[in-house]
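Here is what each chain is made of, one letter per residue.
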Amino acid sequence: MPVKSVSHFACTWNRQMLEEPTKEAIKGIVHDVDITAKNVKTDSFEGMEIHASNGYLIAGFLSFFQNKRTEEYSGCFQNRCRFLKEVYDKVCKNVGPDFPIIVRFSAVVDSVDGGGIAESCMLAKTLEGWVIDAINCSNGVYGSYNRAQVSTLYAACLDLQVCRRAQGGRPHPGHIFQ
């Protein structure tokens, strides 16, 4: 069975050709989320996280660089959020207002064609408007060098560098990222 991706291209990690899902396939995926959300609530879980990070399917839809579709799921930022919104709406419908929903997304993609802090801030504001209970920020994509995997010895330095970049400042000379 072909692996689905937001658009048809070769995976840079394993060179496998990825297949773009049709609109019908997207509706099928959203339907599967509908069933999953019902099961999560029925099986006494205490919350649900929607994984929209690390280059997986929802992240691909969000990505300006990966999403090469030519219909309502591509183009402007709101259109690229459409698939995530459909997933979120199905989850909300099934779990109710008192059930915590978390969305995980990559704040920094760490690839040549990846998104950055500015678009991540837009996504966080969008999620806030949807009344998400929590945001879990990750970084990197499937197959990229992921700064989160650097030794914890450097963790404070990494956080400081990301914060300085987000605030428009320059990274401190001599640190890991220049």
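Residues numbered from 1 in each chain as written. Predicted model: local features only at pLDDT ≥ 70, side-chain atom pairs only at ≥ 80, totals over all residues. Heavy atoms only, no water.

Peer 1: Tell me about the sheet that holds strand β5 (residues 134-139), and please be specific about residues and values.
Peer 2: Reading across the sheet, the 3 strands line up as β3-β4-β5 and stay open at both edges, with parallel pairing between neighbours. This sheet does not close on itself; its edge strands, each paired only once, are β3 (48-52) and β5. Adjacent strand axes in the sheet meet at a mean angle of 30° when their direction is disregarded. The pairing of strand β4 (residues 101-108) with β5 spans 6 bridges and is parallel. Note that in β5 the partner of Arg104 across the bridge is Asn136. Against the sheet, helix α4 (residues 82-95) engages β3 and β4, with an angle of about 170° to β3. (Pairing = 2+ DSSP bridges. Helix = DSSP H or I, 4+ residues; strand = E, 2+ residues; numbered from the N terminus. Axes fitted to C-alpha atoms, helices over the stretch in contact; angles between N-to-C directions. Contact = heavy atoms within 4.5 Å.)

Peer 1: Just give me the short version of the confidence of the model for the chain, but keep the residues and values in it.
Peer 2: In this model, the chain carries a mean pLDDT of 77, and residues with pLDDT of at least 70 account for 67%. The least confident element of the chain, judged by mean pLDDT, is helix α6 (residues 155-166) at 46; the most confident is α4 at 95. Scored below 50 in pLDDT, residues 148-164 shows 19 contacts in the model against residues more than four places distant or in partner chains. Contacts from residues 169-178, a stretch scored under 50 in pLDDT, to residues over four places away or in other chains number 19 contacts. (pLDDT = per-residue confidence, 0-100.)

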